[in-house]
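So you can see what is in the structure, the chains are spelled out below.
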Amino acid sequence: MGAGAPAREHRCRHPDPAVVTGRAMAAAWVLLALLGWPAAVTVAAVARDSLLNICMDAKHHKTEPGPEGQLYGQCALWKENACCTANTSLEAHQDQSYLYNFNWDHCGAMPEKCKRHFIQDTCLYECSPNLGPWIDQTDTSWRKERILHVPLCREDCEQWWEDCRDAVTCKVNWHKGWNWTTGHNQCPQGAMCQKFQYVFPTAADLCEQIWSHSYRYTPHHRGSGRCIQMWFDPAQGNPNAAVARYYARGATAAPPSPLLPVLLALLPPTLLALL
């Protein structure tokens, strides 16, 4: 530097307080997200587990599932872990049983090959502890909960329809609209008895409409892990437990985990130093 050159001032630059405050706030939000993530995952896991291995709050269900070694007939599939009692399982096989005073033969005798599907439907509803993801609140005099849109396997719906196509009924929705003056369901005045194949033109119509959309027809096959089976081999275990876990996980999933790593990657090193 020449003698006549003016001396340069060496000043220490201090960071802008507004910038520091903004960075600190951003860092705080990231920290809160990091701290909250395990809690969110825990809450989701608890919610998921609450949908598994439970009994609905309805007319004849037990308060919680458990072994029932004496389950009768078609209901015996659930004897290792059931929401129904032995007496309920017996009544599920009776015509006009005390369970709901429902008369399957309201348009004449229902063929046995058809009736077995309604018995199995009753066993699934009363006994299965694997319907939690589809339990819905309801407000009726005889139950506080029902099932809604349970995804039935394709084979179960189609075989049900095939075996019942020549049976006869007078109503599409069997949940309501009956004449109960005798204590048992009778066809309402003016209703005409017709074969199932005309009342329910397809298997999907039968499964979805007969009980107010309690069931949903799916293209999934038995063993796929994506649909509830009305029929299964108990020696191979109950496949519906895994199906319930699959849908419970989807219903209570936490936000995608890559979010936080991506957010951190976008932060400059100077801001990361504040964490």
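Not measured: the values here are computed from a predicted model.

Novice: Sorry, what's going on with the packing of helix 3 (residues 112-127) against helix 4 (residues 154-164) here?
Specialist: To characterise two packed helices, one gives the angle between the axes of the helices and the distance between these axes. For the pair helix 3 and helix 4, the least separation of the axes is 7 Å and the interaxial angle reads 140°. When you trace helix 3 past helix 4, the crossing you get is left-handed. In this structure, helix 3 uses Lys113, Cys114, Arg116, His117, Phe118 and Asp121 to contact helix 4, whose residues at the interface are Gln159, Trp160, Asp163 and Cys164. Taken together, the residues of the contact of helix 3 with helix 4 sort by class into four nonpolar, two polar and four charged.

Novice: Help me out: how do you make sense of helix 4 in this one?
Specialist: Because an α-helix packs 3.6 residues into every turn, residues spaced three or four apart end up facing the same way. Those residues of helix 4 not exposed but buried are Asp156, Cys157, Trp160, Trp161, Asp163 and Cys164. Its buried side turned inward, helix 4 meets helix 3, strand 3 (150-152), helix 5 (196-199), helix 6 (203-209) and strand 6 (215-217).

Novice: What is the right way to look at the environment of Asn173 in this model?
Specialist: Within the secondary structure, Asn173 is located in the loop between strand 4 (168-169) and strand 5 (194-195). Among the residues examined, Asn173 registers a relative accessible area of 17% and is labelled buried. Taking the C-alpha atoms as reference points, Asn173 and Gln209, 36 residues apart in sequence, are found 5.8 Å from one another. Excluding anything up to four places from it in sequence, Asn173 contacts Gln209, Ile210, Trp211 and Ser212. One polar contact links the side chain of Asn173 to the main-chain amide nitrogen of His175, over a distance of 2.9 Å.

Novice: Even after reading the chapter, I still don't get the side chain of Asp163, so can you show me in this structure?
Specialist: Structurally, Asp163 can be placed in helix 4. Overall, Asp163 belongs to the buried group, its relative accessible area being 11%. A distance of 3.4 Å separates polar atoms of two side chains, one belonging to Asp163 and the other to Arg116.

Novice: How should I be thinking about the nonpolar core in this particular structure?
Specialist: Within soluble globular proteins, side chains that are nonpolar generally end up buried alongside one another. Counting residues in each nonpolar core, the largest one holds 50 residues, and the members touching the most others are Trp78, Phe118, Leu152, Trp160, Trp174 and Phe196. When residues of this core are traced back to their parent elements, those giving at least two are helix 3, strand 3, helix 4, helix 5, helix 6 and helix 7 (240-251). With seven residues, the top contributor of residues to this core is helix 3. Ignoring anything within four residues of it in the chain, the contact list for Phe196 reads Met110, Phe118, Cys164, Arg165, Ala167, Val168, Thr169, Trp174, Pro201 and Leu206.

Novice: Quick question: what am I supposed to make of helix 3 here?
Specialist: Taking 1.5 Å of rise per residue, the 16 residues of helix 3 would be expected to cover 22 Å, and the 22 Å separating its terminal C-alpha atoms lies within 8% of that figure. Counting buried residues in helix 3 gives 13 out of 16 residues, a clear majority hidden from the surface.

Novice: Just to check I follow, could you spell out the state of the cysteines for this structure?
Specialist: Should the sulfur atoms of two cysteines be covalently bonded, the bond is a disulfide. Considering all chains together, one arrives at eight disulfides under this definition. The disulfide that involves Cys153 links it to Cys227, with 2.0 Å between the sulfurs. Since a negative S-S torsion denotes a left-handed disulfide, the Cys153-Cys227 link at about 90° is right-handed. Residue Cys153 is located in the loop between strand 3 and helix 4, and its partner Cys227 is located in the loop between strand 6 and helix 7; the two are separated by 74 residues in the primary sequence. By relative accessible area, Cys153 is classed as buried at 0%.

Novice: Explain the packing of aromatic side chains to me, please; I cannot follow it from the model alone.
Specialist: Aromatic rings in a pair are described by how distant their centres are and how their planes are angled relative to each other. By the definition in use, this model includes 18 aromatic pairs. For the pair Phe118 and Trp160, a centre-to-centre distance of 5.3 Å together with 80° between the ring planes defines the contact as edge-to-face. Separated by 42 residues along the polypeptide, Phe118 in helix 3 and Trp160 in helix 4 bring together distant segments of the chain. Accessibility expressed as a relative area gives 0% for Trp160, which makes it buried. Three or more aromatic residues joined by ring pairs form one cluster here, namely Phe102, Trp104, Phe118, Trp160, Trp174, Trp178, Phe196, Phe200, Trp211 and Tyr215. Geometry around Trp178 places Lys171 over its ring, the cationic atom sitting 5.6 Å from the centre. The cationic tip of Arg226 hangs over the ring face of Tyr246; the distance from NZ or CZ to the ring centre is 3.7 Å.

Conventions we followed
Residues numbered from 1 in each chain as written. Predicted model: local features only at pLDDT ≥ 70, side-chain atom pairs only at ≥ 80, totals over all residues. Heavy atoms only, no water. Axes fitted to C-alpha atoms, helices over the stretch in contact; angles between N-to-C directions. Helix = DSSP H or I, 4+ residues; strand = E, 2+ residues; numbered from the N terminus. Left-handed = near helix turned anticlockwise from the far one by under 90°. Contact = heavy atoms within 4.5 Å. Nonpolar A, V, L, I, M, F, W, Y, C, P; charged D, E, K, R; others polar. Buried < 20%, exposed > 50% of the residue type's maximum accessible area, 1.4 Å probe, protein only. Polar contact = N/O pair within 3.5 Å; in protein donor to acceptor, adjacent residues only side chain to side chain. Core = buried A, V, L, I, M, F, W, Y, C linked by side-chain atoms within 4.5 Å. Expected span 1.5 Å × (residues − 1). Disulfide = S-S within 2.5 Å. Phe/Tyr/Trp six-rings, centres within 6.5 Å; stacked < 30°, edge-to-face > 60°. Lys NZ or Arg CZ within 6 Å of the ring centre and 35° of its normal.

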